[in-house]
Amino acid sequence: MADSRIVGVLGGGQLGRMLIEAANRLNIQVNVLDAAASPAKQISAHDGHIEGSFKDASAVKKLAQACDVVTVEIEHVDTHMLEEVAGEVAVEPSWKTLRTIKDKYAQKGYLKEHGVDVAESEDLEGKGADGLKAVGERFGYPFMLKSKTDAYDGRGNFVVKTADDVDAAIKALGDRPLYAERWADFRMELAVMVVKTKDGVLTFPTVETVHEDSICKLTYAPPRNVSKTTTERAQELAKKAIGAFEGKGVFGVEMFLLKDDTLLINEIAPRPHNSGHYTIEACPLSQYDAHLRAILDIPIPSSALRLREPSIMLNILGGKNPDSHIQVAHKAYASPNASIHLYGKGDARPGRKMGHITVTAPTLVEAETEIQPLIDFVDDQKG
Ligand code: ATP
Ligand code: MG
Ligand code: MG
């Protein structure tokens, strides 16, 4: 056996599943806390899994008692129980980091305190419609209204285009803890996967992300028409941001590249991230390999995080038919450089992340040519 330590993961979605794919190759046991048939558990047969919710303190405690290191594949977890068990089991990254990051407003405040540039934001909790209108006066329109917590795939965001949208915004998000963000008039979105080890901070290459309806649709590695100076600045900014947090593991750093080349951090994920899926095929070590190695203090040569070949990742979302995602996968079978991932999720609701495809090729142009028919097919299947 390569390693006798047991890793516990809060959450058993697609990120947990791909983490287990990496762990299986090293013969490392991963115990998952989530529902019985979750995507991660489907590919991991042993009796160490825990059935329950990662938001339930007693379930988190039960997981911690059976593991050597506890980590997360989602940040919306019970950090109070993680704080309590941190004396008995390693929690990576730190519960403090998870607590700060899971509240997007607190996260932004923390980054600002540490000298990291973020979009300007203002607390709106308890301020109602008047508060939104006052922010509109100050930031101008449009501005972005965001839920501080439990946000993902844009569920928790509302674009307030004019003062007339305020009532609709309150109706959509009014029952959640809110803050406002100044509009970032970006030229492009970039992302960097950062690896924090016991020895320091490493990065994967900078990628371009393309969002549609606030959900990540595509990533391009390397980004299209961005200078080396800018991609390097993005890596430095991502390193600075993650250097400010405690604990080990992989972090996803989402950024806005503004029209004047300024870089601002959009948000941070304290875990593997959609924009890092391409690393599975395109880099010597994937973000999942790197996360496992970082939390277990297994060496990571920095050059193992390099891009071997240009790549494009296309998300497969639930579409207009219950089997739209399967049809996309079938279409991709004919594509010689496409690696297809289906996550084993049940219901394919429109917009739900059901899988992804990564195409790698000697040049980005060749990858673009090969993936274009799949992008067209995905667009046609849109729900
Ligand atoms: P994720 O699934 O990445 O966790 P999320 O629900 O936390 O998403 P955000 O990352 O805050 O949402 O926003 C989703 C997308 O909305 C961004 O990638 C960007 O395209 C757009 N967006 C967010 N904030 C702003 C802003 N201040 N100005 C302009 N566009 C924004
Ligand atoms: Mg988010
Ligand atoms: Mg985001």
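Refer to the structure presented above.
Residues numbered from 1 in each chain as written. Chains lettered and ligands numbered in written order. Predicted model: local features only at pLDDT ≥ 70, side-chain atom pairs only at ≥ 80, totals over all residues. Heavy atoms only, no water.

Trainee: Teacher, can you tell me more about unusual backbone geometry here?
Mentor: The bulk of non-glycine residues show a negative phi, and the bulk of peptide bonds are trans. Here the amide bond leading from Y141 into P142 is cis, since omega sits at -5°, within 30 degrees of zero. A cis amide bond, omega 0°, links A221 with the succeeding residue P222. Secondary-structure assignment places P222 in the loop between β12 (215–221) and α9 (228–243). Located in the positive-phi region is D297, a residue other than glycine, with phi close to 55°. The topology assignment puts D297 in the loop between α11 (287–295) and β15 (311–317). Its relative accessible area of 35% is what places D297 among the partly exposed residues. (Helix = DSSP H or I, 4+ residues; strand = E, 2+ residues; numbered from the N terminus. Buried < 20%, exposed > 50% of the residue type's maximum accessible area, 1.4 Å probe, protein only.)

Trainee: Explain the packing of aromatic side chains to me, please; I cannot follow it from the model alone.
Mentor: A ring pair, where both rings are aromatic, is described by two values, the distance of the centres and the angle of the planes. Using the criterion set out here, one finds 4 aromatic pairs in the structure. Seen in terms of ring centroids, Y141 and F143 are 5.7 Å apart; in terms of plane orientation they differ by 40°. Their pairing is tilted. When its relative accessible area of 30% is taken as the criterion, Y141 is described as partly exposed. Measuring from centroid to centroid gives 5.2 Å for F186 and F256, while their planes differ by 0°, and the two rings are stacked. Here F186, found in strand β10 (residues 186–196), pairs with F256, found in strand β13 (residues 249–258); they are 70 residues apart in sequence, far enough to count as distant. Residue F186 is classed as partly exposed on the basis of its relative accessible area, which comes to 32%. Look at F256 and you get buried, because its relative accessible area is 7%. Sitting above the plane of the Y220 ring, R224 keeps its charged end 3.8 Å from the centroid. (Phe/Tyr/Trp six-rings, centres within 6.5 Å; stacked < 30°, edge-to-face > 60°. Lys NZ or Arg CZ within 6 Å of the ring centre and 35° of its normal.)

Trainee: Sorry if this is basic, but what is going on with the side chain of S324 here?
Mentor: Along the chain, S324 turns up in helix α12 (residues 324–332). With a relative accessible area of 1%, S324 lands in the buried category. In this structure the side chain of S324 is engaged in a polar contact, spanning 3.4 Å, whose partner is the backbone nitrogen of K320. Setting aside residues up to four positions removed in sequence, S324 forms contacts with G319 and Q381. (Polar contact = N/O pair within 3.5 Å; in protein donor to acceptor, adjacent residues only side chain to side chain. Contact = heavy atoms within 4.5 Å.)

Trainee: How should I be thinking about the site of ligand 1 in this particular structure?
Mentor: Neighbouring ligand 1 are 20 residues; K104, K146, D153, G154 and E189 lie closest to it. S214 is positioned with one of its side-chain polar atoms (N or O) 3.4 Å from an oxygen atom of ligand 1. Interatomic distance of 3.0 Å between a side-chain N/O atom of N266 and an oxygen atom of ligand 1. Within the complex, the protein chains bury 93% of what would otherwise be the 620 Å² of accessible surface of ligand 1. At the level of secondary structure, the elements contributing two or more residues to the shell around ligand 1 comprise β7 (143–147), β9 (178–182), β10, β13 and β14 (263–269). (Near = heavy atom within 4 Å. Areas by Shrake-Rupley, 256 points an atom, 1.4 Å probe, with all protein chains shown as cover.)

Trainee: Mind showing me how you'd approach the pattern of salt bridges here?
Mentor: Under the criterion given, the structure shown has 26 salt bridges. One salt bridge in this structure joins R99 and E83, with 2.9 Å as the shortest N-O distance. On the criterion of sequence distance, the pair formed by R99 in helix α5 (residues 95–102) and E83 in helix α4 (residues 79–85) is long-range, its members being 16 residues apart. Three or more residues are tied together by salt bridges with common partners; here these are E212, D213, K217, D379 and K382. (Salt bridge = Lys/Arg side-chain N within 4 Å of Asp/Glu carboxyl O.)

Trainee: Just to check I follow, could you spell out the coordination of the magnesium ion (ligand 3) for this structure?
Mentor: For a metal with four tetrahedral donors the ideal donor-metal-donor angle is 109.5 degrees, whereas six octahedral donors ideally subtend 90 or 180 degrees. Note on the magnesium ion (ligand 3): its protein donors are E254 (OE), E254 (OE) and E267 (OE). The metal-donor distances range over 2.0 to 2.6 Å. A separation of 3.7 Å is found between the magnesium ion (ligand 3) and the magnesium ion (ligand 2), both of which receive a donor from E267. Of this pair, E254 sits in strand β13 while E267 sits in strand β14, and the two are 13 residues apart along the sequence. Each member of the pair E254 and E267 is classed as buried. (Donors = N, O, S within 2.8 Å, 3.2 Å for Na, K, Ca; no water.)

Trainee: Just checking my understanding: could you explain the packing of α5 against helix α6 (residues 104–113) for this structure?
Mentor: Between two packed helices, the angle of one axis relative to the other and the distance separating the axes together describe the packing. At a minimum axis distance of 5 Å, the contact between α5 and α6 shows a crossing angle of 110°. One way to sum up the angle between α5 and α6 is to call them roughly perpendicular. Between α5, through T100, I101 and K102, and α6, the contact on the second element is made entirely by K104, A106, Q107 and Y110. Residue composition of the contact of α5 with α6, by class: 3 nonpolar, 2 polar and 2 charged. (Axes fitted to C-alpha atoms, helices over the stretch in contact; angles between N-to-C directions. Parallel < 35°, antiparallel > 145°, perpendicular 65-115°, else oblique. Nonpolar A, V, L, I, M, F, W, Y, C, P; charged D, E, K, R; others polar.)

Trainee: It is not clear to me how the sheet that holds β12 should be interpreted in this structure. Could you clarify?
Mentor: Sheet strands pair by backbone hydrogen bonding; their relative direction is either parallel or antiparallel. A sheet is described by the order of its strands in space; here 8 strands give the open sequence β14-β13-β10-β11-β12-β15-β17-β16, paired in antiparallel fashion. At either margin of the open sheet sits one strand with a lone partner, and together these are β14 and β16 (338–342). The mean angle between the axes of side-by-side strands here comes to 25°, regardless of whether they run parallel or antiparallel. Where β12 meets β15, 4 bridges bridge the pair, whose relative direction is antiparallel. Across the sheet, Y220 pairs through a bridge with I312, a residue of β15. Its contacts with the sheet place α9 against β10, β11 (201–212), β13 and β14, and it is angled at close to 50° to β10. Along the sheet, helix α13 (residues 364–381) contacts β12, β15, β16 and β17 (353–360); its crossing angle with β15, the most-contacted strand, is approximately 10°. (Pairing = 2+ DSSP bridges.)

Geometric values such as these leave the question of function open.
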